[in-house]
Amino acid sequence: MNDAEENAAGQDALGVNADPPGLDLGRLADHLREAGLARGPLSAEMITGGKSNLTYVVRDGDATFVVRRPPLGHVLATAHDMSREYRVMSALQDTPVPVPRTFHLCQDADVIGAPFYVMEYVEGGQPPIDPALAHQLVDVLAALHSIAPGGVGLGDFGRPDGFLERQVSRWKRQLDASRSREVAGIDELFARLSQSVPRSGEPAIVHGDFKLGNTLVADGRVKAVLDWEMSTLGDPLTDLALFLLYGDFNQLDSENAGESPPADELAAHYAEASGRDISRLGWYIGLACFKLAVIAEGIHFRFTQGLTVGDGFAEVGEQVAPLVARGLMEV
């Protein structure tokens, strides 16, 4: 993980055993010794760049592993369910989908102040996308969607019936909760989506935010798919559409901007690899546009209220209009 290596100097400045925010190394060391996962004193650094669950690279002198916990001060436990991420990655071990190996889940919040889990440290990073890597990501996505949920113990992992209808209504509720200005066309996009919901095919394990930025790549190969907090059972074309949209709107994932093949080429590759009908893909692209537009509008609203911390939030609101326009073209 390149971010972790870049942060190693920060660890030296803090001291080998300094606690990073949200991680009490003394209590964690005691717990992991009891679990048979660590021996000596721990050192750790937080991986930067995450805006959701917190991730740390932890070392005990001999072993290196990763600890993941909810954000500091989080309120909705269901939005940062450690057991859910742990369960889906554990289920996908030894499948064609590359995921870190999972070692331990702790649901006792008294240990470090929140539930957490421990997983394998995987070397890699996120290079700019290129055609070969884009096609490889499509293959990984098709492989994920080919796994029978019941065959890996995930038959009850979600509610696929009515999945698309719930997605449309969910993002409309989010929009209504963060309205601070008129956004031309966004209500029309919602109306078109709600009036033309496709009939889903066979349900699949859905990642929920599949993109290059949520993978680790080394030597041109996808080594691990990360960030499963939004995973569920549902319509797999929602994953495909969001992945394609990220490719078309590189500024939405600027750290991974590169040269991706045309969306129709990648969609055809997915259709061939998965055997799924993508004839209504335009509707799914429209839903992805609506989802990202609502997320961007929510960030814009929080920025105008002075509730965001960090750089890059001032421009997020500018992404809403082109997303809505693209969605209206598709649906």
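Residues numbered from 1 in each chain as written. Predicted model: local features only at pLDDT ≥ 70, side-chain atom pairs only at ≥ 80, totals over all residues. Heavy atoms only, no water.

Looking at an unreviewed UniProt entry, the protein carries the name Acyl-CoA dehydrogenase, with the source organism given as Planotetraspora mira.

Asker: Describe the overall build of the protein, listing the residues and the values that go with them.
Answerer: Helix and strand counts for the protein come out as eleven helices and nine strands. In the protein, once contacts between residues fewer than 6 apart in sequence are set aside, the share between residues at least 24 apart is 71%. When the accessible surface of the protein is totalled, it reaches about 15300 Å², and 50% of it is carbon and sulfur. (Helix = DSSP H or I, 4+ residues; strand = E, 2+ residues; numbered from the N terminus. Contact = heavy atoms within 4.5 Å. Areas by Shrake-Rupley, 256 points an atom, 1.4 Å probe, with all protein chains shown as cover.)

Asker: For the sheet that holds strand β4 (residues 102-106), give the residues involved together with the corresponding values.
Answerer: Reading across the sheet, the five strands line up as β1-β2-β3-β5-β4 and stay open at both edges, with antiparallel pairing between neighbours. Only two strands of the sheet have a single neighbouring strand rather than two, namely β1 (43-46) and β4. Within the sheet, the average angular offset between the axes of one strand and its neighbour, ignoring direction, is 25 degrees. Relative to strand β3 (residues 64-69), strand β2 (residues 54-59) runs antiparallel, the two being bridged by six bridges. Counterpart to V58 in the pairing with β3 is F65. Relative to the sheet, helix α4 (residues 82-91) contacts β3, β4 and β5 (116-120), its axis offset from that of β4 by approximately 155 degrees. (Pairing = 2+ DSSP bridges. Axes fitted to C-alpha atoms, helices over the stretch in contact; angles between N-to-C directions.)

Asker: Describe in detail the packing of aromatic side chains, supporting the description with residues and values.
Answerer: According to the stated counting rule, one finds four aromatic pairs in the structure shown. Ring centres of W283 and Y284 lie 5.3 Å apart, and the angle between their planes is 85 degrees; this geometry places the pair in the edge-to-face category. Its guanidinium or amino end placed over the ring of F157, R84 lies 3.9 Å from that ring's centre, counting from NZ or CZ. Of note, K172 hangs over the ring of F190, and the distance from its end group to the ring centre comes to 5.1 Å. (Phe/Tyr/Trp six-rings, centres within 6.5 Å; stacked < 30°, edge-to-face > 60°. Lys NZ or Arg CZ within 6 Å of the ring centre and 35° of its normal.)

Asker: Kindly report on helix α7 (residues 186-195), identifying the contributing residues and their values.
Answerer: Every α-helical turn comprises 3.6 residues, leaving residues that sit three or four positions apart pointing alike. Inspection of α7 places I186, L189 and L193 among the buried residues, and these make up the whole buried set. End-on view of α7: buried residues confined to an arc of 55 degrees, all on one side of the axis. The elements touched by buried residues of α7 are α6 (163-177), α10 (281-304) and α11 (320-330). (Buried < 20%, exposed > 50% of the residue type's maximum accessible area, 1.4 Å probe, protein only. Arc of directions from axis to C-beta.)

Asker: Could you give me a rundown of the side chain of D239, with the residues and numbers involved?
Answerer: Its place among the elements puts D239 in helix α8 (residues 237-248). The side chain of D239 is buried and forms no salt bridge, while K291, the nearest opposite charge, is found at 7.0 Å. Beyond its immediate chain neighbours, meaning those up to four positions away, D239 contacts L141, L144, H145, I205, V206, H207, G208, D209 and F210. (Lys, Arg positive; Asp, Glu negative; His and termini not counted. Salt bridge = Lys/Arg side-chain N within 4 Å of Asp/Glu carboxyl O.)

Asker: Quick rundown of helix α5 (residues 131-146)? Include the residues and the values.
Answerer: The first and last C-alpha atoms of α5 sit 23 Å apart over 16 residues, in line with the 22 Å expected at 1.5 Å per residue. Most of α5 sits out of view: twelve of its 16 residues are buried. Listed as buried for α5 are L133, A134, H135, Q136, L137, V138, V140, L141, A142, A143, L144 and H145. Against the buried residues of α5 lie β6 (204-206), β7 (215-218), β8 (221-225), α8 and α9 (263-274). Capping the start of α5 is the job of one residue whose side-chain oxygen sits 3.2 Å from the backbone nitrogen of A132: D130. (Expected span 1.5 Å × (residues − 1). Polar contact = N/O pair within 3.5 Å; in protein donor to acceptor, adjacent residues only side chain to side chain.)

Asker: So, the nonpolar core: which residues are in play, and what are the values?
Answerer: In this structure, L92, V97 and W228 are the most contacted members of the largest nonpolar core, which totals 75 residues. Among the elements that take part in this core, α10 stands out by supplying 13 residues, more than any other. Among residues more than four places away in sequence, those in contact with L92 are V97, V99, L144, I147, I205 and W228. Among the nonpolar cores identified, the runner-up in size contains 18 residues, and L25, A38, L54 and I112 belong to it. (Core = buried A, V, L, I, M, F, W, Y, C linked by side-chain atoms within 4.5 Å.)

Asker: For the environment of V67, give the residues involved together with the corresponding values.
Answerer: By the element assignment, V67 lies in strand β3. Along the sequence, V67 and H104 sit 37 residues apart, while their C-alpha atoms lie 9.4 Å from each other. Residues within four places of V67 in sequence aside, it is in contact with L23, L28, L54, T55, Y56, V58, F116, Y117 and V118.

Asker: Tell me about the confidence of the model for the protein, and please be specific about residues and values.
Answerer: Confidence in the prediction for the protein averages 88 pLDDT; 88% of positions are at 70 or higher. Throughout residues 1-16 the model reports pLDDT below 50, and contacts reaching past four residues in sequence, or to other chains, amount to 28 contacts. pLDDT under 50 marks residues 74-78. Its contacts with residues more than four places away, or in other chains, come to one contact. (pLDDT = per-residue confidence, 0-100.)

Asker: Please provide a residue-by-residue account of the pattern of salt bridges, values included.
Answerer: Per the stated rule, a full pass over the model turns up 14 salt bridges. Notably, a salt bridge pairs D176 with R179, separated by 3.0 Å at the nearest N-O pair. Relative accessible area serves as the criterion here: at 41%, D176 is assigned to the partly exposed category. Three or more residues joined by partner-sharing salt bridges are found here, namely R68, E85, D227 and E229.

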